[in-house]
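A look at the structure
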Amino acid sequence: MNNIYFANFKMNLTFAEIEAYVKSLKNLIDLNSNHIGLFVPFTALKQTKDILNGLSILTGAQNVHQEEAGAFTGEINAQMLKECGTDIAIVGHSERRKYFKEKDYEINKKIKQLMKYNIKVVLCIGETKEERTSGNTKKVIYTQLREALAGLYENELDNMIIAYEPVWAIGTGENATNKMIEEVSQIIRQTIKDLYNKNIAEKFPVIYGGSVTVKNIKLLSKIKNINGFLIGGASLNYNTFAEIINEKMKKTANV
Ligand code: 13P
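Residues numbered from 1 in each chain as written. Predicted model: local features only at pLDDT ≥ 70, side-chain atom pairs only at ≥ 80, totals over all residues. Heavy atoms only, no water.

Empty pockets left among the atoms are what a rolling probe the size of a water molecule brings to light. Counted as a void, the largest pocket has a volume near 480 Å³. The wall of the largest pocket is formed by 16 residues, among which Lys10, Met11, Gln62, Arg96 and Phe100 lie closest to the centre. Here the lining of the largest pocket takes three residues from helix H4 (residues 94-99), the largest share from any one element. Residue composition of the lining of the largest pocket, by class: seven nonpolar, five polar and four charged. (1 Å grid on protein atoms, 1.4 Å probe; cavity = no way out; pocket = protein on both sides within 12 Å on 5 of 7 lines; lining within 4 Å. Points joined across faces, edges and corners; volume = space filled by probe spheres on them. Helix = DSSP H or I, 4+ residues; strand = E, 2+ residues; numbered from the N terminus. Nonpolar A, V, L, I, M, F, W, Y, C, P; charged D, E, K, R; others polar.)

Below, the structure written as C-alpha cells:
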C-alpha cells in the first residue's frame with residue numbers, strides 16, 4: 001500500500017469545521033490514487049463517517065481504551081468506535097505515551113481490542129531526543145514493536161500500519177532527515193522479519209510523521225522504503241494537506 005496520507009487533527013476542529021474541510025478537500029485531491037484517512041476527535045466520528053460515505057477516505061479515531069468495557073469513566077472502547085463507523089485508529093501516539101503515561105503492554109491490549117472489532121490500526125513508535133543522542137534508537141524501536149505486537153498472529157498484521165514518529169520531531173518544526181527515516185524504516189522491517197518473516201516485513205506499510213510540511217514534502221517523498229505520511233499541524237488546513245498529497249502526484253506526472 002503506497003501513497004498513504006493520514007491527517008491527525010489531534011484536539012482540533014469541530015464537526016462543522018471538518019464538514020467544510022471535507023467539502024473542499026475532496027475536490028483538490030485524487031482519491032483513487034491515494035489512501036487518505038482523517039483522524040478526528042471522538043465526538044466527530046459518527047458525523048464524519050456519514051459525510052465520508054461514498055468517498056474513499058477512512059474515518060479514523062485517535063485512541064481507544066484497552067479494556068472491553070467497565071468502570072473507566074470518560075473512556076471509549078473499541079466496540080463504541082465501531083458503532084460510530086470507525087475504520088481505523090491510532091494507538092501509541094507519543095502524546096499519549098507522554099501525557100497519559102501509556103505503556104507498551106497497554107498499547108498491545110488496545111491493538112487486540114481494535115482487531116477484535118475489525119478496526120485497522122496505526123501503531124505509532126519513535127524515540128525521544130535523549131534516546132537518539134545516546135545511540136539507543138534501534139533498541140527503543142525494537143522494544144516498542146516487540147511489546148506492542150506480542151501475541152499477534154501474522155494475518156492480523158494485514159490490518160496494521162506502523163508510523164515512525166520521532167518524539168523530537170512532533171510539532172517542533174524539526175523533521176527527521178531522509179537518512180534517519182530510511183534507517184528506522186529498515187529497523188522496523190528487520191524487526192518484523194525477526195518476529196514474523198521476510199514476506200510480511202517487505203510488504204508492511206511504514207509511514208513517517210513529525211513536522212511534515214508543504215516545504216519539506218518534496219524531499220521527504222524521495223524516501224524509498226516508506227509508504228506515506230502521518231501529518232499533524234499541516235493537515236489542519238485542507239489546502240495545505242492537499243498540497244502535501246499532490247506533491248507526489250506532481251512527481252509521478254514528471255517521470
Ligand atoms: P506534526 O505534523 O504537527 O509534527 O504532528 C505529527 C503527528 O504527531 C502526527 O500524528
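Back to the write-up after that little detour.
This part covers the pairing of strand E2 (residues 35-39). For E2, the buried fraction is high: four of the five residues fall into the buried class. Sheet topology places strand E1 (residues 4-8) next to E2; five bridges connect them, and they run parallel. Each bridged residue has a counterpart across the sheet, and for Ala7 the counterpart in E2 is Leu38. Read as a crossover between parallel neighbours, the route from E1 over helix H1 (residues 15-28) to E2 is right-handed. Bridging between E2 and strand E3 (residues 57-61) involves four bridges; their strand directions are parallel. In the strand pairing of E3, Phe39 is matched with Gly60. Traced from E2 through helix H2 (residues 45-52) to E3, the parallel crossover comes out right-handed. (Buried < 20%, exposed > 50% of the residue type's maximum accessible area, 1.4 Å probe, protein only. Pairing = 2+ DSSP bridges. Right-handed = clockwise from strand over helix to strand, strands pointing away.)

Glancing now at the pattern of salt bridges. One pass over the full model with this rule turns up 13 salt bridges. Lys46 serves as the salt-bridge partner of Asp50, at 3.2 Å between the closest nitrogen and oxygen. Placement of both Asp50 and Lys46 in helix H2 is noted, with a separation of four residues, approximately one turn of the helix. You can call Asp50 partly exposed: its relative accessible area is 43%. For Lys46, a relative accessible area of 42% translates into the label partly exposed. (Salt bridge = Lys/Arg side-chain N within 4 Å of Asp/Glu carboxyl O.)

Turning next to the nonpolar core. Leu38, Ile111, Leu123, Met160, Ile188, Tyr208 and Phe241 are the most contacted members of the largest nonpolar core, which has 66 residues in total. Residue contacts for Ile188: discarding those within four places in its chain leaves Ile125, Ile141, Leu145, Ile162, Tyr164 and Val206. Core analysis: the second largest hydrophobic core is formed by eleven residues, Ile4, Phe39, Ile161 and Ala163 among them. (Core = buried A, V, L, I, M, F, W, Y, C linked by side-chain atoms within 4.5 Å. Contact = heavy atoms within 4.5 Å.)

Attention now moves to the packing of aromatic side chains. Scanning all chains against the criterion turns up five aromatic pairs. Ring pairing ties together the aromatic residues Phe9, Tyr21 and Tyr238, which thus form one cluster. The ring of Phe100 carries Arg96 above its face, with NZ or CZ at 4.0 Å from the centroid. Over the ring of Trp168 we find Lys129; its NZ or CZ atom is 4.5 Å from the centre of that ring. (Phe/Tyr/Trp six-rings, centres within 6.5 Å; stacked < 30°, edge-to-face > 60°. Lys NZ or Arg CZ within 6 Å of the ring centre and 35° of its normal.)

So, on to the site of the ligand. Taken together, Asn8, Lys10, His93, Glu165, Ala169, Ile170, Gly171, Gly210, Ser211, Leu230, Gly232 and Gly233 make up the full set of residues adjacent to the ligand. Contact distances for the ligand include 2.7 Å between an oxygen atom and a backbone N or O atom of Gly171. Ser211 is positioned such that a nitrogen or oxygen atom in its backbone is 2.7 Å from an oxygen atom of the ligand. Burial of the ligand by the surrounding chains reaches 95%, relative to a free accessible area of 310 Å². (Near = heavy atom within 4 Å. Polar contact = N/O pair within 3.5 Å; in protein donor to acceptor, adjacent residues only side chain to side chain. Areas by Shrake-Rupley, 256 points an atom, 1.4 Å probe, with all protein chains shown as cover.)

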